[in-house]
Amino acid sequence: MAMATATGTPIWRITMGAAIILVILAILPQLVDAYQTVLLTYGLIMAIAALGFNLLLGYTGLLSFGHSAYFGTGAYTVAFITRDFGVHSMELCIVGGMLGTLIIAAIFGFVCVRHTRIFFGILTLALSQVLWSLAFKFFWVTGGTDGIRIPYANLSLVGGLVDFKGAGSFHRFIYAYYYYVLVVFAVSTIIMWVIAHSPFGKALQAIRDNETRARFVGISVRRYRWIAFMISGIFTGLSGILWVPLNGLTTPDILYWPFSGEIVFMTVLGGFRSFSGPIVGAIAFNYLKTYAIASTEYWQLLLGVVLVVLVMALPAGIVGTTARLAAKLGRWTK
Amino acid sequence: MTLLETVHLKKYFGDTHAVDDVNLTIAEGEFISVVGPNGAGKTSLCNVISAHLIPDSGKIIFKGRDVTHSSVIERLKAGIARSFQLVNLFDDLTAFDNVALAIFSREGKIRNMAALAHRDREVAIEADTILDQFGLASKRNEPARSLAQGERKLLDVALAYALRPRLLFLDEPTSGVSTREKDKIMDIIASVVRGEGITAAIIEHDMDVVFKYSDRIVVMHQGAILAQGAPDAIRNNDDVAMVLLGSSGPDAFSRKE
């Protein structure tokens, strides 16, 4: 879609399409049960992480194997500020969590963007594992493998207007939180879409396509990579922030490298060369993983097979392949 | 008026003297060609002048200022832009986006992440004008990778031109295309460059092209300047004919044809 919009898919058509999808997402919880609503909430949350991740992979051409670091930083920052500072407002959690992620992403990014390709990937991986080992070993701060609980009942949404005390509060939380996440997701997607189609976004794509030439049209390659890295980290951090209250607990697992792998997986599944690919991939992956776990204890094996088949059969991902088929069909019917 | 001056410029790679004590002067508004056999140091000279390579010693003076140690971006701001021998484009971006990107960069708008690139009318008009000048208007929405070799060559030059440089260094703008296309490409380049009064230096192998379009020809051999002068003087220079053609005597260049 990055290319389709570049060649002039009119903006009103994109807006219409997005509005229709948003309306469907808004109606959906009325049609499905609470469990499905929770699953969809998780999917939307992960979609924000994948969108952030793909600013680096799809747009800047940098494969990070350490995005668990930013997801985890967001999650742990929320855990710390609710536990240690008694913060109840979700909005404060978001601001605090994003600040925390920005600091970590700025430091890690500064080191990582000095390199590209495999060296970049290994560095991101190594740095994320530093955070994992800290969360793992400093158990008096982080609770170690027990993690930190963040009861949803302690939180309030929209500046304290919506809280979850008393009978039936869990049910209320699930639906209220779904719409909360949906709004944050919609706003994040719009922001990322604008960034991707801005002059800055074009500069990132130029760097991806040809680093040398990008320098020779006057782009400071390293600085742009660094800024992209920070934006990417903040989006993934936001995802971690939103994930914590829903999960009710944060453990070092979300800082561990296989979690970074899942973010890579969902982005590739959806298709990293299109803007909407990571969104579709994240939601699809979330269902895939949930049902794989429910159906077999060898669920990792099942996911592994899916990934191998995917890379071999649909290298453009779900969205890329669908777009290609649609274009073929369009030519065929003409 | 002198635009660019190199003073005892040197760049060695081990025993290879890629640029060996080169004193080159380019005047404002000149169209010069740099010729020489393979390995003569033409591209190395271009690389050193455009800050792609750091010289071992010597100075580069541009518009009276010493730019020897300034970065690529500083030299672009001063007004030195270049194209590449092996086409260097943003392959997944459209021809329009390739040119627009250079304009955004030149205008300092490239940092903007809060506006849609396609909504900038000024940039769009200028990019379309440039594509038109280079005969690429019909390829506006094609990704750069799908263009033909000749069109890619032109787009590469258009990208450098869109930076509105004072000095445009073109590294073999016609290599790898058919003879007929060569003339077309050179006609376009010459008309744009002459029309806008840009100082241009092209590296070129084809002596027909060189004799036809240049004000002055600089012949390089083993990293050093062997001879320089107007096309007629170079055509009748025995040393040059010996180096470039392997034979000399009157009308060596015509006989070759």
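Sequence positions are assigned chain by chain, starting from 1 and proceeding in written order. A letter from A marks each chain and a number from 1 marks each ligand, given out in the order of writing. A pLDDT threshold of at least 70 governs which residues receive local features in this predicted model, and a stricter bar of 80 or more applies before side-chain atom pairs are shown or counted, although totals over entire chains, interfaces and linings include all residues.

Undergrad: What exactly am I supposed to notice about the environment of Ala79 of chain A here?
TA: Residue and element names in this part refer to chain A. A run of DSSP states H or I qualifies as a helix once it reaches four residues; a run of E qualifies as a strand once it reaches two. Both are numbered from the N-terminal end. Relative to the helices and strands, Ala79 is located in helix H4 (residues 68-84). Here a residue counts as buried when 20 or more other C-beta atoms sit within 10 Å of its C-beta, as exposed when there are 12 or fewer, and as partly exposed otherwise, the C-beta atoms being derived from the backbone. Looking at Ala79, the number of C-beta atoms within 10 Å reads 21, which means it is buried. Apart from the residues lying within four places of it in its own chain, the contact partners of Ala79 are Ile148, Ile150, Val244 and Thr250. Each residue is represented by a C-beta atom placed from its backbone, and any two residues with such atoms within 7 Å are regarded as in contact.

Undergrad: Honestly, the nonpolar core in this entry has me stumped. Any pointers?
TA: If you look at soluble globular proteins, the nonpolar side chains tend to sit buried side by side. Ranked by internal contacts, the top residues of the largest apolar core, which has 171 residues, are Ala47 and Ala50 of chain A together with Val99 and Ala158 of chain B. By residue number, the principal contributor to this core is helix H3 (residues 34-60) of chain A, which donates 15 residues. Not counting chain neighbours up to four residues away, the residues in contact with Ala47 of chain A comprise Phe185, Pro278, Ile279, Ala282 and Ile283 of chain A. By convention in this section, buried Ala, Val, Leu, Ile, Met, Phe, Trp, Tyr and Cys residues joined through C-beta atoms within 7 Å make up a nonpolar core.

Undergrad: Help me out: how do you make sense of the packing of H4 of chain A against helix H11 (residues 221-247) of chain A in this one?
TA: Helix packing geometry: the angle between the two helix axes and the distance between the axes. All names here are of chain A. Note on definitions: angles span 0 to 180 degrees between N-to-C directions of axes, and those axes are lines fitted to C-alpha atoms, for helices only across the stretch in contact. Running from N to C, H4 and H11 cross one another at 45°; their axes reach a closest spacing of 6 Å. If you check the angle between H4 and H11, you find them oblique. Handedness of the H4/H11 crossing: right-handed. Between H4 and H11, the contacting residues are Tyr70, Phe71, Gly72, Thr73, Gly74, Ala75, Val78 and Ala79 on the first element and Gly233, Thr236, Gly237, Leu238, Ser239, Gly240, Ile241, Trp243 and Val244 on the second. Residues of the contact of H4 with H11, tallied by class, amount to nine nonpolar, eight polar and no charged. Note that the term roughly parallel is reserved for angles under 35 degrees, roughly antiparallel for angles over 145, roughly perpendicular for angles of 65 to 115, and oblique for everything else. For any pair of crossing helices, the crossing counts as left-handed if the nearer helix is rotated counterclockwise from the farther one by less than a right angle, and right-handed if it is rotated clockwise. All residues other than Ala, Val, Leu, Ile, Met, Phe, Trp, Tyr, Cys, Pro, Asp, Glu, Lys and Arg, Gly among them, are scored as polar; the first ten of these are nonpolar and the last four charged.

Undergrad: Would you mind showing me how to read the sheet that holds strand S7 (residues 80-82) of chain B here?
TA: Within a sheet, adjacent strands bond to each other through the backbone by hydrogen bonds, running parallel or antiparallel. Residues and elements named next belong to chain B. Strand order in this open sheet of six strands is S7-S8-S9-S4-S10-S11, and the pairing throughout is mixed. Strands with a single pairing partner mark the edges of an open sheet, and in this sheet they are S7 and strand S11 (224-229). Strand after strand, the sheet turns through a mean of 20° between neighbouring axes, direction not considered. In this structure, strand S8 (residues 167-171) lies alongside strand S9 (residues 199-203), joined through five bridges in parallel fashion. The residue bridging Leu167 from the neighbouring strand is Thr199, located in S9. Running at roughly 145° to S8, helix H1 (residues 42-49) makes contact with strand S4 (31-35), S7, S8, S9 and strand S10 (216-221) of the sheet. Docked against the sheet, helix H9 (residues 238-245) engages S4, S10 and S11, running at close to 125° with respect to S11. By this definition, two strands are paired if DSSP reports at least two bridges between them.

Undergrad: How should I be thinking about the pairing of S4 of chain B in this particular structure?
TA: All names here are of chain B. Burial of S4 is extensive: four of the five residues sit out of reach of the surface. Where S4 meets S9, four bridges bridge the pair, whose relative direction is parallel. Residue pairing in the sheet places Ser33 in a bridge with Ile202 of S9. In this structure, S4 lies alongside S10, joined through four bridges in parallel fashion. When the bridges of S10 are listed, Ser33 appears paired with Ile217.

Undergrad: Help me out: how do you make sense of unusual backbone geometry in this one?
TA: Negative phi values dominate among residues other than glycine, just as trans dominates among peptide bonds. Residues and elements named next belong to chain B. Positive phi, normally seen in glycine, also occurs at Ala51, with a value near 75°. Following the sequence through the fold, Ala51 ends up in the loop between H1 and strand S5 (57-62). Looking at Ala51, the number of C-beta atoms within 10 Å reads 23, which means it is buried. Although it is not a glycine, Lys63 sits at a positive phi angle of roughly 50°.

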